[in-house]
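# Architecture at a glance
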There are 2 protein chains.
Amino acid sequence: MSTLLNSFHETKYQLTGHGKRDIQTLLKAFQTIDPKLESDKYGQGKVIEEFQNKLSTYLGKESAVFFPSGTMAQQIALRIWCDQKGEKTVAYHPLCHLEIHEEEGLKELHHIHSLLLADKDRLIELEDVMTLPDHVACLLLELPQREIGGQLPPYETIEAISSYCRKKGIKLHLDGARLFEILPFYRRTAEEICRLFDSVYVSFYKGLGGIAGAVLAGDHSFIEKSKVWKRRHGGDLISLYPYIISSDYYFEKRKDRMEQYYQDAVELAELYNQCSAAATIPVIPVSNMFHVHFQLSKKQLEPILTEIYRETGVGLTGYLAETGEHSCSYEVSIGDQYGKVPKEKLKWVFQLINENLHQ
Amino acid sequence: MSTLLNSFHETKYQLTGHGKRDIQTLLKAFQTIDPKLESDKYGQGKVIEEFQNKLSTYLGKESAVFFPSGTMAQQIALRIWCDQKGEKTVAYHPLCHLEIHEEEGLKELHHIHSLLLADKDRLIELEDVMTLPDHVACLLLELPQREIGGQLPPYETIEAISSYCRKKGIKLHLDGARLFEILPFYRRTAEEICRLFDSVYVSFYKGLGGIAGAVLAGDHSFIEKSKVWKRRHGGDLISLYPYIISSDYYFEKRKDRMEQYYQDAVELAELYNQCSAAATIPVIPVSNMFHVHFQLSKKQLEPILTEIYRETGVGLTGYLAETGEHSCSYEVSIGDQYGKVPKEKLKWVFQLINENLHQ
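Quick notes on the rules
Residues numbered from 1 in each chain as written. Chains lettered and ligands numbered in written order. Predicted model: local features only at pLDDT ≥ 70, side-chain atom pairs only at ≥ 80, totals over all residues. Heavy atoms only, no water. Pairing = 2+ DSSP bridges. Helix = DSSP H or I, 4+ residues; strand = E, 2+ residues; numbered from the N terminus. Axes fitted to C-alpha atoms, helices over the stretch in contact; angles between N-to-C directions. Least-squares fit on C-alpha atoms with pLDDT ≥ 70 in both. Contact = heavy atoms within 4.5 Å. Domains from an automatic or database assignment. Buried area = accessible area lost by both parts, 1.4 Å probe. Salt bridge = Lys/Arg side-chain N within 4 Å of Asp/Glu carboxyl O. Polar contact = N/O pair within 3.5 Å; in protein donor to acceptor, adjacent residues only side chain to side chain. Nonpolar A, V, L, I, M, F, W, Y, C, P; charged D, E, K, R; others polar. Parallel < 35°, antiparallel > 145°, perpendicular 65-115°, else oblique. Left-handed = near helix turned anticlockwise from the far one by under 90°.

## Structural notes on the sheet that holds strand S12 (residues 321–324) of chain B
Residues and elements named next belong to chain B. If you walk across this open sheet you meet the four strands as S9-S10-S13-S12, and the pairing is antiparallel. With one partner strand each, in any of the chains shown, strand S9 (278–281) and S12 form the two edges of the open sheet. Taken pair by pair, the neighbouring strands of this sheet meet at an average axis angle of 30 degrees, ignoring direction. As paired strands, strand S10 (residues 289–294) and strand S13 (residues 327–333) are joined by six bridges and run antiparallel to one another. Looking across to S13, one finds that Phe290 is bridged to Val332.

## Brief notes about the relation of the copies chain B and chain A
It takes a turn of 180 degrees to lay chain B on chain A, together with a shift of 0.0 Å along the axis; the resulting RMSD is 0.0 Å. This pairing of chains is accounted for by a two-fold axis. Ranked by how close their C-alpha atoms come to the rotation axis, the residues of chain B are headed by Leu109 of chain B, at 2.5 Å. A shared binding surface is used by both copies, with 100% of the interface residues of chain B retained as interface residues in chain A.

## Considering the side chain of Arg79 of chain B
Examined against the element boundaries, Arg79 of chain B turns out to sit in helix H4 (residues 70–85). When sequence neighbours within four positions are dropped, the list of residues in contact with Arg79 of chain B reads Glu108 of chain A together with Lys88, Leu109, His110, Ile112 and Trp229 of chain B.

## Description of the domain arrangement of chain A
Residues and elements named next belong to chain A. Domain assignment breaks chain A into domain 1 (3–18 + 257–357) and domain 2 (40–238). In this structure, domain 1 and domain 2 have C-alpha centres spaced 30 Å apart. Taken together, the contact between domain 1 and domain 2 spans 14 residues of the former and 19 residues of the latter. Both sides together, the interface formed by domain 1 and domain 2 hides about 1300 Å², and carbon and sulfur atoms give 61% of it. The largest share of the area that domain 1 buries against domain 2 comes from Met258, Val286 and Met289, three residues that together contribute 41% of it. Linking domain 1 with domain 2 are two salt bridges. The closest approach of N and O atoms between Glu259 and Arg187, which form a salt bridge, is 3.0 Å. Connecting domain 1 to domain 2 are five residue pairs in polar contact (both at pLDDT 80 or more). Sorting the residues of the side of domain 1 that touches domain 2 by element identifies helix H13 (258–273) and strand S10 (289–294) as the ones contributing at least two each.

## Some details on the interface of chain B and chain A
Tallying the contact residues gives 50 residues for chain B and 50 residues for chain A. Summing both partners gives a buried area of about 4100 Å² for chain B against chain A, and 60% of it is carried by carbon and sulfur. Looking at the side of chain B facing chain A, the largest losses of area belong to Ile23, Leu109 and Arg232 of chain B, adding up to 17% of the total buried there. At the junction of chain B with chain A, the criterion picks out two salt bridges. The shortest N-O distance in the salt bridge between Arg79 of chain A and Glu108 of chain B comes to 3.8 Å. The set of elements that each furnish at least two residues to the side of chain B that touches chain A consists of helix H2 (24–30), H4, helix H6 (105–110), helix H11 (220–233) and helix H12 (241–254) of chain B. Its residues assigned to classes, the side of chain B that touches chain A shows 23 nonpolar, 14 polar and 13 charged.

## Details of the pairing of S12 of chain B
Residues and elements named next belong to chain B. With three bridges connecting them, S12 and S13 associate as antiparallel partners. In the strand pairing of S13, Glu322 is matched with Cys328. The turn joining S12 and S13, which pair antiparallel and follow one another in sequence, is formed by two residues.

## Considerations on the packing of helix H3 (residues 46–59) of chain B against H12 of chain B
All names here are of chain B. Put simply, H3 and H12 touch, their axes get as near as 10 Å, and they point 40 degrees apart. Our classification of the angle between H3 and H12 gives oblique. Seen from above, H3 lies across H12 with left-handed handedness. Contacts between H3 and H12 involve Val47, Ile48, Phe51, Lys54, Leu55 and Tyr58 from the former and Tyr241, Ile244, Ile245, Ser247, Asp248, Phe251 and Glu252 from the latter. Residues of the contact of H3 with H12, tallied by class, amount to nine nonpolar, one polar and three charged.

Right under this line is the structure:
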């Protein structure tokens, strides 16, 4: 483990996350559960069916299915839309999860090609979508675009993209790994946003802070097909309840805290932006997340942060990613931990950053 | 839920299994765990690495990796061997899990064709293997052959098949979903049996009775490749610890009880075979499992069994599978429940079966 991560774990307060991902995360979720509750069995049973129904209602879709992972759920969604159109091409952002984090699973397992829309450092616009050739089966939009700090287009842009895709016979899929997190910014319900999409994936361990697990939602026929693919992928486990029960618990616990996390993110980003050596993307966050960029090498920044953690007992990040010879960055994702940090501590931390980075 | 299953669940004693698969199965496994134990993270961390090391040692392989499911692990094993040989053909039994329970995942995701060896109702013999064409990349052997009652070939047959495959450049993969269960019959260690195979999959929720999960073992290079495919399949979850901790717990709890389950299966099969209307396959079990075949329609047998459950408080099976107009069958898998049934109850049950089926 790196010095910075060690030192982060030793702090009393952290500016990001919900706290340690230890086994208490699981055990807490089980404390209120009927001790005789029976396991789901290969996708059937009360525990899985009730949660799927709850989520399909919440997302405003006909049907929903629980998956062990979003990687599995999204590849399958794209495969179904490709099969339906009889094409093998989809489109998404160059920093889409499928493009950079899945070892080319979509290509290797499904033989689906991807058109990369927009530049790496900006959002997909309607103009980009209008360049798509007719043989594209599905466009995937990720809201917020995580790898560029969690940026969001105006709601009207999504509406326009949705209308355009419907007219052109291109299915629109939502990578909603952080869907719960963006509702406060749009001042819309999940249902209102999902209405613009043909299929939707949501995750239970990002802002919600569960153990793992995902839900894919869409119309009945789409979801029935996705269950067949779930089995093919090896995701139709005899028992998924450890993930389902924790997903349900943290969904209920945190879905209504997203407004607070969002406001916290705006507040914290402002503190960062007051430091001359730091800047956040987006400048004003639109969800619970943003990226912090420092004009300082990782090697220079690491000991400074470690010392601040030691002195104040407040951790800012557990890692630094090099972005250039003299720059580095990290992701901030606000959760329950931020609200526990005393305001005077917060002030002290940023005072120290300012002092240290002005030397 | 069927009447028979309902009635089975209401019995005080059951002749099969470890008892209800409710959430206590998970919670019990966590009772002895350090409450601060940290989650694994995308395949890394103490909890997953230690268990993988334990299993690679137990199976006598260089390396091992934990998978959410056997479906995923085995498709990946076959894919790696196919890629290595540059061929797209494997061979296995007609009732192999990949052929009948995975919605053609191997073909749909990996484009691998399968040659079906032997007839449905018998084991693969050396003579069958000797008919394999050179372009077969891998032969999968399932020990015991579950769908035909859990039959096993003599150890010498496996040795001969293994030698033949090595000579011919055909990789040999073990579907060891029930590997722990067959060790007492062969009087061999897992390591001795696995030595005959290039790759091995074992499961933690069959005879061991865990929640879900599998391990794939082989040499370093094979296992490193399998991790890439695990990510592609969507199986590289941020946290797998609910399955790992329960797998470890039930592995330690039950791996040394397999001898007892095996002896119990032999005893119970004998009781069945003393009924004129029933017969078991195998006649003398070679593991903790066997199939019971009745020369009676499902419709005739179901009310008789339901009445016996009600009268004695002992459940024999929760389901009946039709095998013909006047025949049906079910699987018996011995676990902790069998030993709790008082012997006089057992005698009474079979006395009632005999009486009722002689009318």
